[in-house]
Amino acid sequence: MSIEKNLLVVQEKIRLAAERAGRDVSEITLIGVTKTHPVEPMRELIDLGIIELGENKAQEVRDKYPELDREAHWHFIGHLQKNKVKYVIDKVDMIHSVESNSLAKEISKRAITLEKVMPILVEVNVSGEESKHGLKPEEVNDFLTEIENLEGIKVCGLMTMAPNYDDIEKTRPIFKGLKTLFDELNEMGRKLDVLSMGMSNDYTIAIEEGATHVRVGNAILGKRDYMK
Ligand SMILES: *Cc1c(COP(=O)(O)O)cnc(C)c1O
């Protein structure tokens, strides 16, 4: 397994998916999901030009951040507990998984203390699967209204995770659903420009359906070993 070879394959598939959708490939940001991996492959990825990194555990961000001697943009993509915001607020460049008023408030409060504005995405559970985090699509507009006056955060867009289907075509309606919501909210005057959807299994479909950010781990870094 070579990270460089895997990355070239993923980048080519991204290019082809964009082409099929008539989109400019420069509209799509590849986030390398480095969760569970040590900093060495993270360095390799950065040296190959991938400086957007995805992590899903506050503790892991806290441990790896000081070790990584490279410029990078850290994306927090996992479920974030309120009491862990303090560990990531000064390290990450975007939080993809905001799904409650209390979490938005905590991020706001901590960001104000640091005199920064944290870009956030609202996580939406498009599939309706019980095990998935996120708001129902029909709840998102009211939620945006509830948090729109909070200082220290900037809502940049929406995020979703599709279920892990064997037939990846089944993810298409989910990505289409998030894109439709995104367009409707923008037509209502919201200013959203980030649509974070698509993982190793389904990023090509997500790009065909409008993803601006894809979060790809295994397809680049190889299978995760959760025992480590
Ligand atoms: C782990 C994870 C990914 C990447 O998954 P892969 O299948 O390794 O590409 C993307 N998004 C979120 C929210 C994740 O937790």
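Shown above is the structure to which this text applies.
Residues numbered from 1 in each chain as written. Predicted model: local features only at pLDDT ≥ 70, side-chain atom pairs only at ≥ 80, totals over all residues. Heavy atoms only, no water.

Caption draft 1: Representation of the side chain of R190 within the structure. Mapping R190 onto the fold places it in the loop between α7 (172-187) and β7 (194-196). A distance of 2.9 Å separates a polar atom in the side chain of R190 from a polar atom in the side chain of N141. A polar side-chain atom of R190 sits 3.1 Å from a polar atom in the side chain of E148. Look past the residues within four positions of R190 in its chain and what remains in contact with it is N141, L144, T145, E148 and L185. (Helix = DSSP H or I, 4+ residues; strand = E, 2+ residues; numbered from the N terminus. Polar contact = N/O pair within 3.5 Å; in protein donor to acceptor, adjacent residues only side chain to side chain. Contact = heavy atoms within 4.5 Å.)

Caption draft 2: Examining the pattern of salt bridges more closely. Counted according to the given criterion, the structure contains 20 salt bridges. Here E40 and R43 are joined by a salt bridge, their closest N and O atoms 2.9 Å apart. Highlighted residues: E40 and R43, both in helix α2 (residues 39-47), separated by three residues, approximately one helical turn. Assessed through its relative accessible area of 17%, R43 is described here as buried. (Salt bridge = Lys/Arg side-chain N within 4 Å of Asp/Glu carboxyl O. Buried < 20%, exposed > 50% of the residue type's maximum accessible area, 1.4 Å probe, protein only.)

Caption draft 3: Molecular detail of the site of the ligand. Near the ligand the following residues occur: V33, K35, I77, M161, M199, S200, R215, V216, G217, N218 and R224. Note that an oxygen atom of the ligand is positioned 2.8 Å from one of the backbone N or O atoms of G217. For the ligand, the protein covers 92% of the area, taking 390 Å² as the surface of the free molecule. When each cavity is represented as a set of grid points, the ligand is found to reside in the largest pocket. (Near = heavy atom within 4 Å. Areas by Shrake-Rupley, 256 points an atom, 1.4 Å probe, with all protein chains shown as cover. 1 Å grid on protein atoms, 1.4 Å probe; cavity = no way out; pocket = protein on both sides within 12 Å on 5 of 7 lines; lining within 4 Å. Sits in = over half its atoms within 2 Å of the grid points.)

Caption draft 4: The arrangement of the pairing of strand β1 (residues 29-33) in detail. Within β1, four of the five residues are buried, which leaves it mostly tucked inside the rest of the structure. Direction of pairing for β1 relative to strand β8 (residues 213-216): parallel, over a ladder of four bridges. If you follow G32 over to β8, its bridge partner there is V216. Two strands pair when backbone bridges link them, and β1 and strand β2 (residues 52-55) are joined in this way by two bridges, in the parallel orientation. (Pairing = 2+ DSSP bridges.)

Caption draft 5: Representation of unusual backbone geometry within the structure. For T36, which is not glycine, the phi torsion reads 75° and is therefore positive. Mapped onto the fold, T36 is located in the loop between β1 and α2. Judged by its relative accessible area of 21%, T36 falls in the partly exposed class. The residue E115 is not glycine, and still its phi comes out positive at about 55°. Topologically, E115 is positioned in the loop between α5 (101-113) and β5 (118-123). In this structure E115 comes out as exposed when scored by relative accessible area, which is 77%.

Caption draft 6: Local environment of α5. Compared with the 18 Å implied by 1.5 Å per residue over 13 residues, the 19 Å span of α5 between its first and last C-alpha is a close match. Inspection of α5 places L103, A104, E106, I107, S108 and A111 among the buried residues, and these make up the whole buried set. In the core, the buried residues of α5 are packed alongside α4 (85-88), β4 (94-98), β5, α6 (140-147) and β6 (153-159). Looking at the residues trailing α5, positive phi occurs at E115, about 55°. (Expected span 1.5 Å × (residues − 1).)

Caption draft 7: Geometry of the nonpolar core. Within the largest apolar cluster, 62 residues are counted, with the highest numbers of intra-cluster contacts made by I107 and L158. Aside from chain neighbours lying at most four places away, what touches L158 is L121, V122, V124, V140, L178, L181, F182, L185, L192, V194, L195 and S196. Ranked by size, the runner-up nonpolar core spans five residues in total, among them L121, C156, M159 and V194. (Core = buried A, V, L, I, M, F, W, Y, C linked by side-chain atoms within 4.5 Å.)

Caption draft 8: Spatial organisation of the layout of surface pockets. Within this model, the largest pocket holds a volume of roughly 560 Å³. Taken together, 30 residues form the lining of the largest pocket, with K35, M161, M199, R215 and R224 sitting closest to its centre. In this model, the second largest pocket occupies a volume close to 210 Å³. Taken together, L144, I147, E148, L150, I153, K154, V155, R190, K191 and L192 make up the full set of residues lining the second largest pocket. (Points joined across faces, edges and corners; volume = space filled by probe spheres on them.)

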